[in-house]
Amino acid sequence: MVNTKTTLLGLIGYPIGHSYSPLLHNSALRRLGLNYVYLAFSVKPGELADAVAGIRSLNIRGVNVTIPYKEEIISLLDKIDPLAERVGAVNTIVNDEGILKGYNTDVIGIKRMIEEDAGFMIEEKNVVIVGAGGAARAVGVAVCESGAAGITIINRTHKKAKLLADFLEKTYSNLSIGYVELSVDQYYNVIKEADLLIDTTPIGMAPEIKVSPVIEPQALHRDLLVIDLVYNPAETVLLKAARDVNASGLNGEGMLLYQGIESFKLWTGHEPEVTKWKEILKKRKNF
Ligand code: NAP
């Protein structure tokens, strides 16, 4: 029951129509009997500072931050958690009596998905990251912090791959980070020697479901764990190709769930049941 004591949570981004966060968070709030509501706010370009002022003045307890504001929001906050500082992106804000602190729960979400859902230990493994955008940056930090032996970034735009490699090498000076372009002759041997491949591009995401970032499926092998951050469809062309060579595969649903769970814990001190959230997503179209 919404009343004068109800605390507000939310999501800010643009566009936000695709998000499952209101559904997941409100269901957990109801289940746990917590007097909060979670709403989605579409914040138009140029209006981010006003939205942050609104968080303070309306005493909103916390928000998730999504595309395209994860980096821009940092300069508008009072404090940044060290992990979010290292990633250079904030996806969760906690409002403690007017002091806004930014966190990055995407990194924890990625680690939990790989270690708990796939049962894969990243330490001393060779990792390939496909893509070099915001999600790749969080993945890069997650695998560096988990002690990967080496990382190679495969990306369409050479300059962006180099930027990400330079950033990771500077932050984690003990690691050598390679990068190659998204062409078969450059990535074939890199993937052949890898233990873990994480696709962070939107290639294969609905509605364009017939494409894969790895156009030569023979590059995949049975000792490789393939993770596709895309979760709609549940099995992308890349994950199907992994299955065809008896490699293990996992979509990005775990990251979506675990980053949300970490945000929820920061705001409320309570933990939603991951199995309930999985049930909700399963009932949605395309899952
Ligand atoms: P982004 O910053 O725009 O980066 C996208 C990356 O994909 C870039 O490196 C880009 O290459 C590459 N790319 C895009 N289209 C391509 C194409 N047609 N061919 C080759 N490369 C292409 O986006 P992001 O924030 O990193 O998000 C990327 C995807 O990750 C999202 O679409 C989403 O599916 C997924 N994601 C999932 C979760 C989750 O919870 N599971 C969370 C975050 C993101 P260039 O550098 O050449 O432009």
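Residues numbered from 1 in each chain as written. Predicted model: local features only at pLDDT ≥ 70, side-chain atom pairs only at ≥ 80, totals over all residues. Heavy atoms only, no water.

Below, the discussion takes up the nonpolar core. In terms of nonpolar packing, the biggest core is built from 57 residues, with V127, I151, I153, L168, L196 and I198 touching the most fellow members. Every residue in contact with I151, bar those within four places of it in the chain, is listed here: V127, I129, G140, V143, C144, L175, S176, I177 and G178. Among the nonpolar cores identified, the runner-up in size contains 18 residues, and V130, I154, A219 and L239 belong to it. (Core = buried A, V, L, I, M, F, W, Y, C linked by side-chain atoms within 4.5 Å. Buried < 20%, exposed > 50% of the residue type's maximum accessible area, 1.4 Å probe, protein only. Contact = heavy atoms within 4.5 Å.)

Moving on, we come to the site of the ligand. The immediate surroundings of the ligand are formed by 22 residues, with A132, A135, N155, T157 and G252 found nearest. Interatomic distance of 3.3 Å between a side-chain N/O atom of K160 and an oxygen atom of the ligand. Within the complex, 74% of the 930 Å² of free accessible area of the ligand lies under protein. Of the residues that constitute the shell around the ligand, the class distribution is 12 nonpolar, 8 polar and 2 charged. (Near = heavy atom within 4 Å. Polar contact = N/O pair within 3.5 Å; in protein donor to acceptor, adjacent residues only side chain to side chain. Areas by Shrake-Rupley, 256 points an atom, 1.4 Å probe, with all protein chains shown as cover. Nonpolar A, V, L, I, M, F, W, Y, C, P; charged D, E, K, R; others polar.)

Spatial ordering of the open sheet is given by β2-β1-β3-β5-β6-β4, a layout of 6 strands whose pairing is mixed. A strand with exactly one partner marks an edge of an open sheet, and here the two such strands are β2 (36-42) and β4 (79-80). Sheet topology note: the strand β1 (residues 7-13)/β2 ladder contains 7 bridges and is parallel. Its bridge partner being in β2, L8 is matched across the sheet by V37. Strand contacts of helix α9 (residues 253-268): β1, β2, β3 (62-65), β5 (92-96) and β6 (99-103), with the helix running at about 5° to β5, the strand carrying the most contacts. (Pairing = 2+ DSSP bridges. Helix = DSSP H or I, 4+ residues; strand = E, 2+ residues; numbered from the N terminus. Axes fitted to C-alpha atoms, helices over the stretch in contact; angles between N-to-C directions.)

A separate point is empty space enclosed by the protein. Across all of its chains, the model carries 1 cavity of 30 Å³ or more by this definition. Roughly 40 Å³ of internal volume is contained in the largest cavity. Taken together, S27, A28, R31, L32, P272, E273, K276 and W277 make up the full set of residues lining the largest cavity. Of all the elements in the fold, those that place two or more residues in the lining of the largest cavity are α1 (21-31) and α10 (274-283). Tallying contributions element by element places α1 first for the lining of the largest cavity, with 3 residues. Its residues placed into classes, the lining of the largest cavity shows 4 nonpolar, 1 polar and 3 charged. (1 Å grid on protein atoms, 1.4 Å probe; cavity = no way out; pocket = protein on both sides within 12 Å on 5 of 7 lines; lining within 4 Å. Points joined across faces, edges and corners; volume = space filled by probe spheres on them.)

Spatially, the 6 strands line up as an open sheet ordered β9-β8-β7-β10-β11-β12, and their pairing is parallel. The open sheet has two free edges, formed respectively by β9 (177-181) and β12 (248-251), since each of these has just one partner strand. Strand-to-strand twist across the sheet, computed as the mean angle between neighbouring axes with direction ignored, equals 15°. Where strand β7 (residues 126-130) and strand β10 (residues 196-199) come together, 4 bridges link them in parallel fashion. Each bridged residue has a counterpart across the sheet, and for V128 the counterpart in β10 is L197.

We now examine unusual backbone geometry. A negative phi angle is the norm for most residues apart from glycine, just as the trans form is the norm for most peptide bonds. The linkage connecting A206 with the following residue, P207, adopts the cis geometry, with an omega of 10°. Structurally, P207 is set in the loop between β10 and β11 (225-228). The omega torsion of the bond from N232 to P233 falls at 15°, within 30 degrees of zero and hence cis. Positive phi values are uncommon outside glycine, yet E97 reaches one of about 45°. Relative to the helices and strands, E97 is located in the loop between β5 and β6. Given a relative accessible area of 80%, E97 falls into the exposed group. One non-glycine residue, N246, lies in positive phi territory at about 60°.

Geometrically, a pair of aromatic rings is defined through the distance of the ring centres and the angle of the planes. Applying the stated criterion across every chain, the model contains 1 aromatic pair. With 6.0 Å between their ring centres and 50° between their planes, Y38 and W267 make a pair best called tilted. With Y38 in strand β2 and W267 in helix α9, this pair connects stretches of sequence that are 229 residues apart. Above the ring of F120, the side-chain terminus of K125 is found at 5.2 Å from the ring centroid. In this structure, R137 packs its charged tip against the face of F167, placed 3.8 Å from the ring centre. (Phe/Tyr/Trp six-rings, centres within 6.5 Å; stacked < 30°, edge-to-face > 60°. Lys NZ or Arg CZ within 6 Å of the ring centre and 35° of its normal.)

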